[in-house]
Amino acid sequence: IVRVEVAGLSKSYESDRGPVTALEGIDLQIHDSEFLTVLGPSGCGKSTLLKCIAGLEPVSAGRILIDGKAVTRPPADLGIVFQRDLLLDWRTNLQNVLISVEFLGLKPRDFEERARQLLDLFGLAGYEDRYPWELSGGMRQRVAICRALVDNPGFLLMDEPFGALDAMTRDELNLELQRIWLRDKKTALFITHSVPEAVFLSDRIIVMDRNPGRIAAEFVVDLPRPRT
Ligand code: ADP
Ligand code: ADP
């Protein structure tokens, strides 16, 4: 089953020196429960691709369908994790996880139990009522991942979520992400600069080229996965 269908996608930004073509002629399908990773040099349009799919940037040409419907604004069944954790330092970690629920107009109370379970799963039991400023970078990013997962979205978009973290924390979070993946079978679009990370997590990898941003190569990753 195809969950995301991108056809003939182009995207230009206006700048002082005229239009900048970030993406040109992108054709891409993401299948249900597939973990797809995008690799490529800085400026090749990875973030732009993710933002267009998330409905956060208007496209210049082409179309994007999620579950058969055109994307005009961020769909409800979507969780997003950015490189910067974007946590609110004046709210507790638990309240930060519940922000996405509030944003969707749902009742935070109904999701509190699940939020606590997720924080526990990510090794943050005991930190529910503490604040993000009390946490390390790796712990903050775990809270951000919990926030993206709290309403149990079927589709997760991640833009270099571990880019700012040290290598050991990165490896740990990769393992946790993989564990959740194997258990919950979500569809994912993941951006990274790390080839090992891409190989470890993905079912499929696309490599992008810059000037203009295009898909240059595609690999299917066929490695044995741990059993859940
Ligand atoms: P990445 O880590 O994905 O390479 P960047 O650090 O290049 O991202 O960009 C960070 C943010 O700034 C992104 O949201 C991107 O859309 C925006 N951005 C990147 N280049 C420009 C630009 N030339 N003008 C305005 N915004 C930009
Ligand atoms: P990547 O994530 O691969 O680093 P981006 O999608 O951030 O690439 O950027 C692709 C191209 O689009 C770059 O040339 C960047 O400078 C440009 N760009 C990104 N965001 C903006 C923006 N908001 N305004 C103008 N140019 C942008």
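Along each chain, residues carry numbers from 1 onward, in the same order as the chain's sequence is written. To label them, take the chains in the order written and letter them from A, then take the ligands in the order written and number them from 1. Thresholds applied to this predicted model are a pLDDT of at least 70 for local features of residues and 80 or more for the giving and counting of side-chain atom pairs; totals over whole chains, interfaces and linings are not thresholded and use all residues. For the side-chain quantities, the full set of heavy atoms in the structure was used; hydrogens and water were omitted.

Colleague: Where do I start with the overall build of the chain in this structure?
Modeller: Secondary structure elements follow DSSP: runs of H or I of four or more residues count as helices, runs of E of two or more count as strands, with numbering from the N terminus. In terms of helices and strands, the chain carries seven helices and 10 strands. For the radius of gyration, the atoms used are the C-alpha atoms, and the globule rule reads 2.2 Å times the number of residues raised to 0.38. In terms of overall size, the chain behaves like a compact globule, its C-alpha atoms giving a radius of gyration of 18 Å where 228 residues would be expected to give roughly 17 Å. Dimensions of the chain, computed from C-alpha atoms along their principal axes, come out at roughly 50 × 40 × 35 Å. The burial tally for the chain puts 48% of its 228 residues in the buried class. Residue pairs at least 24 apart in sequence account for 69% of intrachain contacts in the chain once pairs closer than 6 positions are excluded. In this scheme, a residue with accessible area under 20% of its type's maximum is buried, one over 50% is exposed, and one in between is partly exposed, where area comes from a 1.4 Å probe on protein chains only. For this analysis, residues touch if any pair of their heavy atoms sits within 4.5 Å.

Colleague: I would appreciate a short explanation of the site of ligand 2 in the present structure.
Modeller: Taken together, Tyr-13, Val-20, Ala-22, Pro-41, Ser-42, Gly-43, Cys-44, Gly-45, Lys-46, Ser-47 and Thr-48 make up all the residues around ligand 2. Nitrogen and oxygen atoms within 3.5 Å of one another constitute a polar contact, given that in protein one can donate a hydrogen and the other can accept it, and given that sequence-neighbouring residues count only through two side-chain atoms. Interatomic distance of 2.8 Å between a backbone N/O atom of Ser-47 and an oxygen atom of ligand 2. In the model, an oxygen atom of ligand 2 is placed 2.5 Å from a nitrogen or oxygen of the Thr-48 side chain. Isolated, ligand 2 exposes 560 Å² of accessible area, and the fraction of that covered by the protein chains is 64%. Listed by contribution, the elements that provide at least two residues to the shell around ligand 2 are strand 2 (18-31) and helix 1 (46-53). For this description, a residue counts as near a given molecule or strand if any of its non-hydrogen atoms is within 4 Å of it. Throughout, the Shrake-Rupley method with a 1.4 Å probe supplies accessible areas, and for residues the shown protein chains are the sole cover considered.

Colleague: Looking at this structure, I do not really get the packing of helix 5 (residues 137-149) against helix 6 (residues 167-184). What am I missing?
Modeller: Working note: a packed helix pair is described by the angle between its axes plus the distance between those axes. Axes, fitted as lines to C-alpha atoms, cover a helix only where it is in contact. Angles between the N-to-C directions of the axes lie from 0 to 180 degrees. The N-to-C vectors of helix 5 and helix 6 enclose an angle of 20°; their axes lie 11 Å apart at closest approach. The orientation of helix 5 with respect to helix 6, classified from their angle, is roughly parallel. Helix 5 and helix 6 meet at a crossing whose hand is right-handed. For the pair helix 5 and helix 6, contact is made by Gly-138, Arg-142 and Leu-149 and by Thr-169, Glu-172, Leu-173, Glu-176 and Ile-180, respectively. For the contact of helix 5 with helix 6, a count of residues per class yields three nonpolar, two polar and three charged. Relative orientations are named as follows: roughly parallel for angles under 35 degrees, roughly antiparallel for angles over 145 degrees, roughly perpendicular for angles from 65 to 115 degrees, and oblique for any other angle. Two helices that cross are described as forming a left-handed crossing if the nearer one is turned anticlockwise from the farther one by less than a right angle, and a right-handed crossing if clockwise. In the scheme used here, Gly and all other residues not listed as nonpolar or charged are polar, with Ala, Val, Leu, Ile, Met, Phe, Trp, Tyr, Cys and Pro taken as nonpolar and Asp, Glu, Lys and Arg as charged.

Colleague: I tried to follow the packing of helix 4 (residues 108-121) against helix 5 on my own but got confused; where do I start?
Modeller: For the pair helix 4 and helix 5, the least separation of the axes is 10 Å and the interaxial angle reads 145°. Two packed elements cross with a definite hand, and for helix 4 against helix 5 that hand is right-handed. Two secondary-structure elements touch here, helix 4 through Arg-114, Leu-118 and Leu-119 and helix 5 through Val-143, Cys-146 and Leu-149. Residue composition of the contact of helix 4 with helix 5, grouped by class: five nonpolar, no polar and one charged.

Colleague: Before we go on, may I ask you to explain the pattern of salt bridges in this structure?
Modeller: Two side chains bearing opposite charge may form a pair once their charged atoms approach each other closely. Basic side-chain nitrogens of Lys or Arg form a salt bridge, by our definition, when they fall within 4 Å of a carboxyl oxygen of Asp or Glu. Inspection of every chain in the model, using the stated rule, returns 15 salt bridges. Between Asp-77 and Arg-3 there is a salt bridge; the shortest N-O distance is 3.1 Å. Taken together, the residues Asp-77 in the loop between strand 5 (69-70) and strand 6 (78-81) and Arg-3 in strand 1 (residues 2-15) connect sequence positions 74 residues apart. The exposure class of Asp-77 is partly exposed, given its relative accessible area of 34%.

Colleague: I'm lost on the site of ligand 1 in this one. Help?
Modeller: Around ligand 1, the neighbouring residues are Ser-47, Lys-51, Gln-83 and Glu-160. In the environment of ligand 1, an oxygen atom lies 2.6 Å from a nitrogen or oxygen atom belonging to the side chain of Lys-51. Contact with the protein chains removes 29% of the 550 Å² of surface that ligand 1 exposes when unbound. Taken together, the residues of the shell around ligand 1 sort by class into no nonpolar, two polar and two charged.

Colleague: Can you help me understand unusual backbone geometry in this one?
Modeller: A negative phi angle characterises most non-glycine residues, just as the trans form characterises most peptide bonds. A cis amide bond links Asn-211 to the next residue, Pro-212, at an omega of -10°. Look at Asn-152: it is not a glycine, yet its phi comes out positive at around 55°. With respect to the helices and strands, Asn-152 occurs in the loop between helix 5 and strand 7 (155-159). At Lys-185, a position not held by glycine, the phi torsion is positive, near 55°.

Any link to function would need more than the numbers given here.
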